[in-house]
Amino acid sequence: MTDPIRTVLAHAPDLMVVRFAFRAGDRGALHSHPHVQSTYVQSGRYRFTVDGRDFEVGPGDAFVIPSGAEHGCTCLEAGELIDSFTPRRDDFL
């Protein structure tokens, strides 16, 4: 199990778009941040936890994670997520 590969696709002070490439079994550890996050499933299958609620997503699914919500995921089938953050995540630069 490893961390996903992160690639910043575009950013400005108010918005950042990031691609995460996952292998089956990779995890995004539970965490929170002040940014609002939108996640779009480009490919693969994932089990997410957002504020204690578990759900599975697959290609074409999208959802929003509110500011401060604890969240994380496990990759069930290899693929890519496209995440948008507002404002920009300066820790990713």
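Heads up: these notes are all about the structure in this document. Only a predicted model underlies this, so the values are computations on that prediction, with no experimental measurement involved.

Our next topic: the sheet that holds strand 1 (residues 5-12). The strand order 1-2-9-4-7 describes an open sheet built from five strands, whose pairing is antiparallel. The open sheet has two free edges, formed respectively by strand 1 and strand 7 (62-65), since each of these has just one partner strand. Averaged over all pairs of adjacent strands, the angle between strand axes in this sheet comes to 20°, irrespective of strand direction. In this structure, strand 2 (residues 15-22) lies alongside strand 9 (residues 79-86), joined through seven bridges in antiparallel fashion. Bridge assignment links Val18 to a residue of strand 9, and that residue is Asp83.

All right, on to unusual backbone geometry then. Along the chain, Thr86 connects to Pro87 via a cis peptide bond; the corresponding omega equals -10°. Phi is positive for Asp51, close to 50°, though the residue is something other than glycine.

Before going further, it helps to examine the layout of surface pockets. Where empty space is left can be seen by rolling a probe of water-molecule size over the atoms. The calculated volume of the largest pocket comes to roughly 380 Å³. What lines the largest pocket is a set of 20 residues, among which Pro4, Phe20, Gly28, Ala29 and His31 lie closest to the centre. Partitioning the lining of the largest pocket into residue classes produces nine nonpolar, six polar and five charged.

As a further point, take the nonpolar core. It is characteristic of soluble globular proteins that their nonpolar side chains tend to be buried jointly. Judged by nonpolar contacts, the single largest core of 18 residues is most densely connected at Phe22, Tyr46, Phe48, Val57 and Leu81. Of all the elements in the fold, those that place two or more residues in this core are strand 2, strand 5 (45-50), strand 6 (53-57), strand 7, strand 8 (71-77) and strand 9. Take this core: its biggest share by element is four residues, from strand 2. In contact with Val57, not counting residues within four places along its chain, are Val41, Gly44, Arg45, Tyr46, Phe48 and Phe63.

What counts as what
All residue numbers refer to positions counted from 1 along the written sequence of the respective chain. Predicted model: local features are reported for residues with pLDDT of at least 70 only, side-chain atom pairs are reported and counted for 80 or more only, and whole-chain, interface and lining totals are derived from all residues. Computation of side-chain values: all heavy atoms of the structure, hydrogens and water removed. For two strands to count as paired, DSSP must find a minimum of two bridges between them. Strands here are runs of E lasting at least two residues and helices are runs of H or I lasting at least four, both read from the DSSP assignment and numbered beginning at the N terminus. Working convention: axes come from line fits to C-alpha atoms, limited for helices to the stretch in contact. Angles between N-to-C directions cover 0 to 180 degrees. Using a grid of 1 Å spacing that covers the protein atoms alone, one calls a set of points a cavity when a 1.4 Å probe fits there but cannot get out, and a pocket when the set is open and has protein on both sides within 12 Å along at least five of seven lines; lining residues are those with an atom within 4 Å of a point. Grid points are joined across faces, edges and corners, and a volume is the space filled by probe spheres set on the points. Three classes are used: nonpolar for Ala, Val, Leu, Ile, Met, Phe, Trp, Tyr, Cys and Pro, charged for Asp, Glu, Lys and Arg, and polar for all others, with Gly counted as polar. Among buried residues, the Ala, Val, Leu, Ile, Met, Phe, Trp, Tyr and Cys ones that are joined through side-chain atoms within 4.5 Å form a nonpolar core. Using a 1.4 Å probe on the protein chains alone, a residue whose accessible area is under 20% of its type maximum counts as buried, one over 50% counts as exposed, and one in between counts as partly exposed. We call two residues in contact when some of their heavy atoms are within 4.5 Å.

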